[in-house]
Amino acid sequence: MSTVTVKRSDLKSGEVLCSYCTARCCRYFALPIETPTTWEDYDHMRWYIMHGHSAIFVDEDVWFLMVYGDCKYILPDYRCGNYEDRPQICRTYTTDDCEYDNDGTYDRLFETPEQIWEYAHAVLPPKKKKRKGKSKIKTENLPVVHV
């Protein structure tokens, strides 16, 4: 594994971009999630990122839950230790648009529950305060006096 940073355009014929990478694509996974529109949606997202090393990001108006974690098969030279038996998602992945030379920026990135909540407060109407039910005044019946 070379430590030299090589531009895609400088690759020689037959050379593989992965030879110059630290397996960025094998260090997390991201799943699209529904775009939040309510307080409850944002509260759920807060809950997601309270569970371990994860984040929420938005890229081109699509919201994602990102879970950090190295694939258990990454070798010390950043190659796949399970290459012959790797999952289909790995087999169809190409370096055509991979993040090798991506600057790692997103339209929005939330790494803490507090950031999610602060954003929700900025974009949603104020939360409605819970109304307490009408309190029934408890009245006691007065004794009836017969004369």
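For clarity, every value in this text was computed on a predicted model and none was experimentally measured.

Q: Would you take a moment to explain helix H3 (residues 113-123) for this structure?
A: The α-helix winds at 3.6 residues per turn, so residues separated by three or four positions along the chain end up facing the same way. Taken together, the buried positions of H3 are Pro113, Ile116 and Ala120. End-on, the buried residues of H3 take up no more than an arc of 60°, which puts them together on one face. Turned more than 90 degrees away from the buried face of H3, the exposed residues are Glu114, Glu118 and Ala122. Residues of H3 that are buried make contact with helix H1 (39-48), strand S2 (54-59) and strand S4 (108-110).

Q: Help me understand the layout of surface pockets, please; the structure alone is not making it clear to me.
A: Empty space among the atoms becomes apparent when a probe as large as a water molecule is rolled across them. Estimates place the volume of the largest pocket at around 1400 Å³. For the lining of the largest pocket, the secondary structure elements donating two or more residues are strand S1 (28-33), S2 and helix H2 (88-92). Class assignment for the residues of the lining of the largest pocket results in 27 nonpolar, six polar and 10 charged.

Q: Explain the side chain of Ser54 here, please?
A: Relative to the helices and strands, Ser54 is located in strand S2. Setting aside residues up to four positions removed in sequence, Ser54 forms contacts with Tyr48, Ile49, Leu65, Met66, Val67, Tyr68 and Glu111.

Parameters at a glance
Residues numbered from 1 in each chain as written. Predicted model: local features only at pLDDT ≥ 70, side-chain atom pairs only at ≥ 80, totals over all residues. Heavy atoms only, no water. Buried < 20%, exposed > 50% of the residue type's maximum accessible area, 1.4 Å probe, protein only. Helix = DSSP H or I, 4+ residues; strand = E, 2+ residues; numbered from the N terminus. Arc of directions from axis to C-beta. Contact = heavy atoms within 4.5 Å. 1 Å grid on protein atoms, 1.4 Å probe; cavity = no way out; pocket = protein on both sides within 12 Å on 5 of 7 lines; lining within 4 Å. Points joined across faces, edges and corners; volume = space filled by probe spheres on them. Nonpolar A, V, L, I, M, F, W, Y, C, P; charged D, E, K, R; others polar.

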